[in-house]
Amino acid sequence: MCGIIGVSDHKEAANIAFLGLYALQHRGEEAAGIASYDGKNIHLTKSAGLVADAFDEDSLKSLKGKTAIGHTRYSTTGSSNSKNIQPFLVTHRNRPMAVAHNGNLTNTEELYRELEGEGSIFQTTMDSEIVVHLLAKARNGNMKKWFIEVLSQLKGAFSLVFLVEDVLVGARDPQGFRPLCLGKIDQSYILASESCALDLIHAEFIREIDPGEIVFIKNNKIESAYLPGWKKAKKAHCIFENIYFARPDSNIFNENIYQVRKRLGRQLAKEHPVKADFAMSIPDSGNYAAIGYAQELDLPFEVGIIRNHYIGRTFIQPSQFLRDFRVRVKLNPIKNVLKGKKIVVIEDSIVRGTTSRGRIEDLKRAGAKEIHMRISCPPIKFPCFYGIDFPSKKELIASSKSVRETARFIKVDSLAYLSLKGMLSVMKNSGNYCDACFTGKYPVPIPTNTSKYLLEGA
Ligand code: 5GP
Ligand code: MG
């Protein structure tokens with residue numbers, strides 16, 4: 001997954017993009033980059049690591065100009081080598097442009113083979129680079145026509161921002177898999193993956209970009225165009241954004257994420273109540289559903305695990321002895337709270353089951369007497385091809401183990417998941433979601449060759 005931001009016509013464009021990326025850090029922790037345009041040249045800084053480490057005063061100063069785009073990366077297509085860090089920049093016929101992408105295309109292979117057959121030389125292994133090649137090939141005097149022609153060839157999930165000289169372009173696929181919103185600071189427009197990025201820079205939230213919409217922003221003016229078929233396309237917002245991925249202080253898909261997660265927790269309590277001494281979460285991602293769960297049942301809510309917020313990269317080599325400690329650097333249970341208690345632990349999701357197993361072991365070691373685990377989404381059984389980095393079916397614990405077998409693996413006294421119907425019932429527009437990871441019903445055909453390293457021939 002990734003976070004994207006675009007700033008138009010602001011004298012602090014790069015600094016605003018930097019702050020926005022800070023708020024979007026959770027969407028990608030592998031690498032970050034910003035490209036800016038100063039009326040003549042495009043400037044680019046990108047580096048592996050967190051946003052705070054990827055830029056310094058000098059690099060931000062060098063990002064001159066009033067228009068900028070930025071990206072935080074979490075590799076879903078292509079491995080995490082440095083060439084694959086975005087924004088991706090090209091100069092074509094002396095005109096520079098840059099792109100930043102969130103989502104996964106599903107027709108990457110077809111487009112790639114076609115372009116390569118026509119002589120395109122690819123520099124990276126990202127599906128996002130394909131977009132730039134298509135743009136270069138189709139360059140047309142009329143910007144709207146040009147973008148419609150190119151973007152309508154893409155299938156799958158894309159929220160995109162482009163710098164085309166001094167024009168900031170934003171686009172969203174017709175299903176609206178990934179979020180993208182529009183804000184305003186002073187007279188200047190901002191595009192961002194999530195509204196929390198707008199809050200941080202005191203920008204006003206204007207609206208979400210429509211699924212299938214392309215916006216062109218220049219000189220504080222905005223114009224829209226739409227991809228063919230956008231109106232008829234069935235919306236398929238990623239429900240996992242609501243469950244886990246997006247920040248709880250964001251409003252996306254017309255919902256506030258904190259409130260959605262609390263409602264998921266309340267619904268979970270209705271479906272699977274436990275008479276426990278108290279409810280607690282696995283921080284941070286389980287916090288909001290856990291609050292809803294406790295409120296629904298009038299159970300006390302306790303913080304049984306404390307999170308250490310100062311986790312840098314640990315370079316400790318993975319011997320088994322040390323690996324155990326590495327995991328516990330992040331989360332530490334409080335023995336005095338847990339000793340001898342019957343607890344209900346709320347978690348937002350189980351993917352592989354391995355971290356949950358470790359957490360439960362810690363809670364037991366801290367003295368919890370009985371542990372009941374409740375999950376605020378249904379079992380994840382199918383991989384995602386639209387941008388969430390879920391592993392292959394083989395690695396998804398729920399695709400091969402029943403709930404009872406999973407409970408045995410995690411070593412809890414009981415385990416229950418929120419039902420599909422219950423999950424959808426708390427969403428405002430429940431028909432507008434992609435729930436393929438739970439149902440296997442993919443709203444857009446998935447590629448036949450599904451490797452994440454597709455373009456590397458791996
Ligand atoms: P598991 O027990 O399946 O190994 O891990 C479950 C935990 O992973 C939960 O705490 C959940 O919040 C977290 N999680 C779910 N999806 C993702 C993801 O896409 N990336 C990361 N880093 N964590 C995730
Ligand atoms: Mg979590």
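It should be emphasised that the depicted structure is a prediction, and the values quoted were computed from it without experimental measurement.

A. Looking closely at the site of ligand 1. Around ligand 1 sit 14 residues in total, of which E347, D348, V351, T355 and S356 are the nearest. One of the side-chain nitrogen or oxygen atoms of D348 is found 2.7 Å away from an oxygen atom of ligand 1. Within the backbone of R352, an N or O atom sits 2.7 Å from an oxygen atom of ligand 1. Starting from 520 Å² of accessible surface for ligand 1 in isolation, the protein chains cover 79%. Elements that contribute at least two residues to the shell around ligand 1 include exactly α8 (239-245) and α13 (354-365).

B. Structural context of the pattern of salt bridges. Per the stated rule, a full pass over the model turns up 15 salt bridges. The residue D166 makes a salt bridge to K218 at a minimum N-O spacing of 3.6 Å. Here K218 lies in strand β12 (residues 213-218) and D166 lies in the loop between β7 (159-164) and β8 (167-172), a separation of 52 residues in the sequence. Taking relative accessible area as the criterion, D166 reaches 30% and is therefore assigned partly exposed. You can call K218 partly exposed: its relative accessible area is 35%. With a shortest N-O distance of 2.6 Å, D249 and R247 are connected by a salt bridge. With relative accessibility at 36%, the residue D249 sits in the partly exposed group.

C. Spatial organisation of the domain arrangement of the chain. Each assigned domain of the chain is listed here: domain 1 (3-236) and domain 2 (256-433). The centre of domain 1, based on its C-alpha atoms, is set 33 Å off from the matching centre of domain 2. Contact with domain 1, which involves 15 residues of that partner, is made by ten residues of domain 2. Together, the buried faces of domain 1 and domain 2 total about 910 Å²; carbon and sulfur atoms form 55% of this surface.

D. Geometry of unusual backbone geometry. Looking along the chain, the bond that leaves Q86 and enters P87 is cis, with omega of 5°. The phi angle at D9 is positive, at roughly 50°, despite the residue not being glycine. Looking at the secondary structure, you find D9 in the loop between β1 (2-7) and α1 (13-23).

E. Spatial organisation of the pairing of β8. Counting buried positions over the six residues of β8 gives six, a clear majority of the element. A two-sided burial pattern is seen for β8, the buried positions comprising V167, V169 and A171 on one face and L168, G170 and R172 on the other. Pairing analysis gives six bridges linking β7 to β8, with the strands arranged antiparallel. The residue bridging F162 from the neighbouring strand is V169, located in β8. Where β7 folds back onto β8 in an antiparallel hairpin, the turn is made up of two residues, including E165, whose phi is positive at roughly 50°. Here β8 runs beside β12; their pairing, made up of four bridges, is antiparallel. Residue pairing across strands places A171 opposite I214, the latter belonging to β12.

Rules used in this analysis
- Residues numbered from 1 in each chain as written.
- Chains lettered and ligands numbered in written order.
- Predicted model: local features only at pLDDT ≥ 70, side-chain atom pairs only at ≥ 80, totals over all residues.
- Heavy atoms only, no water.
- Near = heavy atom within 4 Å.
- Polar contact = N/O pair within 3.5 Å; in protein donor to acceptor, adjacent residues only side chain to side chain.
- Areas by Shrake-Rupley, 256 points an atom, 1.4 Å probe, with all protein chains shown as cover.
- Helix = DSSP H or I, 4+ residues; strand = E, 2+ residues; numbered from the N terminus.
- Salt bridge = Lys/Arg side-chain N within 4 Å of Asp/Glu carboxyl O.
- Buried < 20%, exposed > 50% of the residue type's maximum accessible area, 1.4 Å probe, protein only.
- Domains from an automatic or database assignment.
- Contact = heavy atoms within 4.5 Å.
- Buried area = accessible area lost by both parts, 1.4 Å probe.
- Pairing = 2+ DSSP bridges.

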